[in-house]
There are 2 protein chains.
Amino acid sequence: MKKTVAVLGAGSWGLTLAELINNNGNTVTVWEFNPEAAQRLERDRSLSFFSQLKLSGDIAVTSDIASVCAGKDFILVAVPSHALRSAMQAVKRSGADTSKTIFISATKGIENDSLKRMSQIIADEIPDAARRIVVLSGPTHAEEVQAKMPTAATLASINGKASEAAREILSTSYFRLYTHNDVAGVETGAALKNILAIAAGLCDGIGLGDNTKAALVTRGLREIIKLGVTMGGQPTTFFGLTGLGDLIVTCFSRHSRNRALGERLGRGENASEAEKQMVMVAEGVKTAKSAYDLAKKYQLDLPIMNEVYCVLFEAKDPRAAVQELMAREAKPESMPGLEGLVL
Amino acid sequence: MKKTVAVLGAGSWGLTLAELINNNGNTVTVWEFNPEAAQRLERDRSLSFFSQLKLSGDIAVTSDIASVCAGKDFILVAVPSHALRSAMQAVKRSGADTSKTIFISATKGIENDSLKRMSQIIADEIPDAARRIVVLSGPTHAEEVQAKMPTAATLASINGKASEAAREILSTSYFRLYTHNDVAGVETGAALKNILAIAAGLCDGIGLGDNTKAALVTRGLREIIKLGVTMGGQPTTFFGLTGLGDLIVTCFSRHSRNRALGERLGRGENASEAEKQMVMVAEGVKTAKSAYDLAKKYQLDLPIMNEVYCVLFEAKDPRAAVQELMAREAKPESMPGLEGLVL
């Protein structure tokens, strides 16, 4: 049955999902924060930095949040993580009726200062929606989903019915969706992997090889698990599509913005210069700040994430950072958080 | 202290390790099965397909197994997996004294028919060495170790002292070694990942994206764990350098022969043609056969490995194989073998 869907955020991922949901026979409206950008997109049906996507004629684009959100079956959120809270506040303030709306979060990050996950921010601002939030996550570069390349992703919710409903509007022959109940694990994995992608990019920029990156990703996954489990995730979640899968694609794909940012830094650009050059948001930068604060809060040793933080925020030389990681004392391999494994 | 080391097998990995051990101040002799190839290498100090490596003048190359192995502190085995048993039989037959020798296996595979791991074959043929076998494994493309790019790998043995001794001759500032005691887990992970690399290559050859590969690798790791645990490995081992780390590098690196073979098949070459084009051995082909037999023996469902087998040995169309994998019914993500996880 035809559903009504608001997509908040007109970046490459928001538009890819808007188009996909529309193609699935639903009615989609896109909200873009900036009125001029909304008008431009309504007219051009395309983004300059993602021109391969042409928005279907029946998808309206507007900057009026009240009309976009009122009475919708779904609100899919695909704004940058630092803009999520203000977007939710705008929804709330607009007075739009969202009393039956399922919120789908396609945003990956951990908010600075509050150190909260995206679904927690939605629940903070729209408390009655707390049991109607679904998280969409996984190895899903927009460029490839837009090109209909086979992709698998995860829908996580404490509410299985909400996940199933979200699957109805989102799944296609090339976009396979698996359900999951570990929201904390899915969201922390999705957010933290972007820090590792910056580290992988540093290796690329310095000119190190795939052996180095593989070691870094393997050991980095342990850091993700350490912090993610502390934040309430289940250890096994991090070995699924939203943890390992997303980590791999972000660290190795040419499409990854976070990896690309790291590569620039590795080549010697300074952090603020490199960030300015990026058209799209590299979520890993803000998440690195949050992870640094979380490591302090929970007193965790997260060497790779810490080195990325130092490169980004303390102008540490990337070569020195990678060298320090490699020079750490060799010791028996262990799997933090999994030592007590009983089968 | 200076050690005496025989390296069996003069491929790119054998020579890279020979050179590294020699640079570490040890005395190295290389054994090459084929007398003509041995003479050529002794004269040219280089391989046509790996010309970046120039063998140091003090490393002797010979096809005389008795002189190479007699009384050595270490015998490092880097022959193709299908040649390991006959090499060990040759060592035995030569009468060389190996009563105090530590055997280091750098060979990855599972023998056809016997379905045994490499260290089991060494112990089969030289039973008194059973407690002096160390397995070297991890994400270690020879090209990058030869170029001294930072690399981390694992030494696995039931005998911690043997691992420590092997570390002494092998470790350098750019080649970090971690010790491990799960020999079965390290060896099965190392062998089975080559099958997944062929699958990743199929995706590349067909023109599918990184999303698809990430999903395949993530789900493939579960198959490795399922079979690896059945074969005696500890589940957590597969998330370390020798499992996940090696899997990633093999599936994404341009240096991987198994991935390259899969890419040829994905582009439409037939299996025997594609194999003939390869200068170096793609271990995944033989291992796919062994895994197919193991899946039957233990009645395990290993869909990705099974499709690779069908493409390699039953001329199945790669597109049909990948399509079938993607079309499998979507269901909640689970982590086979880890359901009972207790922390």
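Residues numbered from 1 in each chain as written. Chains lettered and ligands numbered in written order. Predicted model: local features only at pLDDT ≥ 70, side-chain atom pairs only at ≥ 80, totals over all residues. Heavy atoms only, no water.

**Considerations on the overall build of chain A**
Next up, step 1: Regarding its fold elements, chain A presents 15 helices and 8 strands.
Next up, step 2: Relative to the 2.2 N^0.38 estimate, which gives 20 Å for 343 residues, the radius of gyration of chain A is 20 Å and therefore close to what a compact globule would have.
Next up, step 3: The dimensions of chain A, computed from C-alpha atoms along their principal axes, are 60 × 45 × 35 Å.
Next up, step 4: Classification of the 343 residues of chain A by burial places 64% in the buried group.
Next up, step 5: Put simply, of all contacts in chain A between residues at least 6 apart along the chain, 73% involve residues at least 24 apart.
Next up, step 6: If you sum the accessible surface of chain A, you get close to 12700 Å²; carbon and sulfur atoms cover 48% of it.
Next up, step 7: Counting 39 positive and 38 negative side-chain charges, chain A places the centres of these two groups 3 Å from one another. (Helix = DSSP H or I, 4+ residues; strand = E, 2+ residues; numbered from the N terminus. Rg over C-alpha atoms; globule rule 2.2 N^0.38 Å. Buried < 20%, exposed > 50% of the residue type's maximum accessible area, 1.4 Å probe, protein only. Contact = heavy atoms within 4.5 Å. Areas by Shrake-Rupley, 256 points an atom, 1.4 Å probe, with all protein chains shown as cover. Lys, Arg positive; Asp, Glu negative; His and termini not counted. Charge placed at Lys NZ, Arg CZ, Asp CG, Glu CD.)

**Digging into unusual backbone geometry**
Next up, step 1: Despite not being glycine, Q299 of chain A has its phi angle at roughly 55 degrees, a positive value.
Next up, step 2: Looking at the element boundaries, Q299 of chain A is found in the loop between α13 (283-298) and α14 (303-313).
Next up, step 3: Q299 of chain A gets classed as exposed once you look at its relative accessible area, which sits at 73%.
Next up, step 4: The phi dihedral of A315 of chain B is positive, around 55 degrees, even though this residue is not glycine.
Next up, step 5: Positionally, A315 of chain B belongs in the loop between α14 (303-313) and α15 (318-327).
Next up, step 6: We classify A315 of chain B as exposed; its relative accessible area is 72%.

**Looking at the confidence of the model for chain A**
Detailed conclusions should not be drawn from predicted coordinates in areas where pLDDT is low.
Next up, step 1: Of all residues in chain A, 94% attain a pLDDT of 70 or more, and the chain-wide mean is 92.
Next up, step 2: Per-residue pLDDT stays below 50 along residues 335-343 of chain A; that stretch engages in 28 contacts with residues further than four places along the chain or on separate chains. (pLDDT = per-residue confidence, 0-100.)

**So, the pairing of strand β1 (residues 4-8) of chain A**
Regular strands place side chains that alternate from one sheet face to the opposite one.
Residues and elements named next belong to chain A.
Next up, step 1: Of all 5 residues in β1, 4 are buried, a share of seventy percent or more.
Next up, step 2: The pairing of β1 with strand β2 (residues 27-31) spans 5 bridges and is classified as parallel. Within the sheet, the bridge partner assigned to T4 lies in β2 and is T27.
Next up, step 3: Bridging between β1 and strand β4 (residues 74-77) involves 4 bridges; their strand directions are parallel. (Pairing = 2+ DSSP bridges.)

**Some details on the environment of L247 of chain B**
Residues and elements named next belong to chain B.
Next up, step 1: Residue position: L247 is located in helix α10 (residues 241-252).
Next up, step 2: We classify L247 as buried; its relative accessible area is 0%.
Next up, step 3: In this structure the C-alpha to C-alpha distance between L247 and V61, which are 186 residues apart in sequence, comes to 32 Å.
Next up, step 4: Once residues within four sequence positions are removed from consideration, L247 is found in contact with K193, L196, V217, L221 and I224.

**Comments concerning the nonpolar core**
Next up, step 1: Counting 94 residues, the largest nonpolar core has L265 and M305 of chain A together with L265 and M305 of chain B as the members making the most contacts within it.
Next up, step 2: The residues touching M305 of chain B, leaving out its near neighbours within four places in the chain, are L192, I195, L196, E223, I224, L227 and A291 of chain B. (Core = buried A, V, L, I, M, F, W, Y, C linked by side-chain atoms within 4.5 Å.)

**Some details on the packing of helix α13 (residues 283-298) of chain B against α14 of chain B**
Residues and elements named next belong to chain B.
Next up, step 1: Contact pair α13 / α14: the axes reach a minimum separation of 9 Å and the direction vectors enclose 120 degrees. As far as their axial angle goes, α14 and α13 are oblique. The interaxial crossing formed by α13 with α14 has left-handed handedness. Where α13 approaches α14, its residues V285, A288, K289, A291 and Y292 are matched on the opposing element by M305, N306, V308, Y309, L312 and F313.
Next up, step 2: Along the lines of polarity and charge, the residues of the contact of α13 with α14 split into 9 nonpolar, 1 polar and 1 charged. (Axes fitted to C-alpha atoms, helices over the stretch in contact; angles between N-to-C directions. Parallel < 35°, antiparallel > 145°, perpendicular 65-115°, else oblique. Left-handed = near helix turned anticlockwise from the far one by under 90°. Nonpolar A, V, L, I, M, F, W, Y, C, P; charged D, E, K, R; others polar.)

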